Amino acid sequence: MSLFGFGGGQPQLTSDQKIQAAETELDLVTDMFNKLVDNCHQKCISRSYTDGELNKEESNCLDRCVAKYFETNVKVGEHMQKMGQTFNSAGKF
């Protein structure tokens, strides 16, 4: 890496920066998981429990909900990457 950060390659991260990045990523994944659980539970599970086990309708609903949640998350992530690349190549970012 050259002086003032110009030139080739990615800057090297320190151990503290790597730890901070890993903690941030873990927080994001945990937040996504909690939102997934909350949203799918609210959508698929009745507030009045009549049985200790999931019935077939609840199970199917949860399967579809989780699949849609992840599919949507992937599509949004891909779209955000494209937008970032567009802004980076245009010098706007």
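The following paragraphs examine the structure supplied in this document. (Residues numbered from 1 in each chain as written. Predicted model: local features only at pLDDT ≥ 70, side-chain atom pairs only at ≥ 80, totals over all residues. Heavy atoms only, no water.)

**Looking at helix α1 (residues 15–44)**
Heads up, the condition is: By definition, any uninterrupted DSSP run of H or I lasting at least four residues is a helix, any uninterrupted run of E lasting at least two residues is a strand, and each is numbered from the N terminus. Expected helix span is computed as 1.5 Å times (number of residues minus one). Residue exposure (1.4 Å probe, protein chains only): buried if accessible area is under 20% of the type maximum, exposed if over 50%, otherwise partly exposed. Throughout, a residue-residue contact means that at least one pair of heavy atoms, one from each residue, lies within 4.5 Å.
If you check α1, its first and last C-alpha atoms are 43 Å apart, about what 30 residues at 1.5 Å a residue would give, namely 44 Å. Regarding α1, the residues found buried are Leu36, Cys40 and Cys44. Where α1 is buried, its residues touch α2 (56–89).

**What to know about the environment of Ser46**
Defined as follows: Polar contacts here mean pairs of N or O atoms no more than 3.5 Å apart (in protein, one a potential hydrogen donor and the other a potential acceptor; neighbouring residues in sequence count only if both atoms are side-chain atoms).
Note on placement: Ser46 falls in the loop between α1 and α2. Spatially, the C-alpha atom of Ser46 lies 8.6 Å from that of Glu58, the residues being 12 residues apart in sequence. One polar contact links the side chain of Ser46 to the main-chain amide nitrogen of Ser48, over a distance of 3.3 Å.

**Observations concerning the pattern of salt bridges**
Should the charged atoms of two oppositely charged side chains come close, the side chains can pair. Selection criterion: Each salt bridge in this description consists of a side-chain nitrogen of Lys or Arg and a carboxyl oxygen of Asp or Glu lying within 4 Å of one another.
Under the counting rule described, the total for this entry stands at two salt bridges. For Asp31, the salt bridge goes to Lys35, with nearest N and O atoms at 3.3 Å. With a gap of four residues between them, Asp31 and Lys35 both fall in helix α1, about one helical turn apart. Residue Glu71 is joined to Lys75 by a salt bridge in which the shortest nitrogen-to-oxygen separation is 3.3 Å. Of this pair, Glu71 and Lys75 both sit in helix α2, four residues apart, roughly one helical turn.

**Some details on the nonpolar core**
One broad trend across soluble globular proteins is that nonpolar side chains are buried collectively. Applicable threshold: Residues belong to a common nonpolar core when they are buried Ala, Val, Leu, Ile, Met, Phe, Trp, Tyr or Cys residues joined through side-chain atoms within 4.5 Å.
Counting five residues, the largest nonpolar core consists of Leu36, Cys40, Cys44, Cys61 and Cys65. Elements with a contribution of two residues or more to this core: α1 and α2. Take this core: its biggest share by element is three residues, from α1. Setting aside residues no more than four positions away along its own chain, Cys40 makes contact with Ile45, Leu62, Cys65 and Val66.

**Considering the packing of α1 against α2**
Our working rule: To obtain an axis, a line is fitted to C-alpha atoms, over the contacting stretch when the element is a helix, and the angle between two such axes runs from 0 to 180 degrees between their N-to-C directions. Throughout this description, any angle smaller than 35 degrees is read as roughly parallel, any larger than 145 degrees as roughly antiparallel, any in the 65 to 115 degree range as roughly perpendicular, and the remainder as oblique. In this scheme the handedness of a crossing depends on how the near helix is turned from the far one: anticlockwise by less than a right angle means left-handed, clockwise means right-handed. Polar here means any residue other than Ala, Val, Leu, Ile, Met, Phe, Trp, Tyr, Cys and Pro, which are nonpolar, and Asp, Glu, Lys and Arg, which are charged; Gly is therefore polar.
Contact geometry for α1 and α2: axes closest at 9 Å, N-to-C directions at 140°. By the angle between their directions, the pair α1 and α2 is classed as oblique. In the packing of α1 onto α2, the handedness of the crossing is right-handed. From α1, Met32, Lys35, Leu36, Asn39, Cys40, His41, Lys43 and Cys44 reach across to α2, where they touch Glu58, Cys61, Leu62, Cys65, Val66, Tyr69, Phe70 and Asn73. Of the residues contributing to the contact of α1 with α2, the split by class is 10 nonpolar, three polar and three charged.

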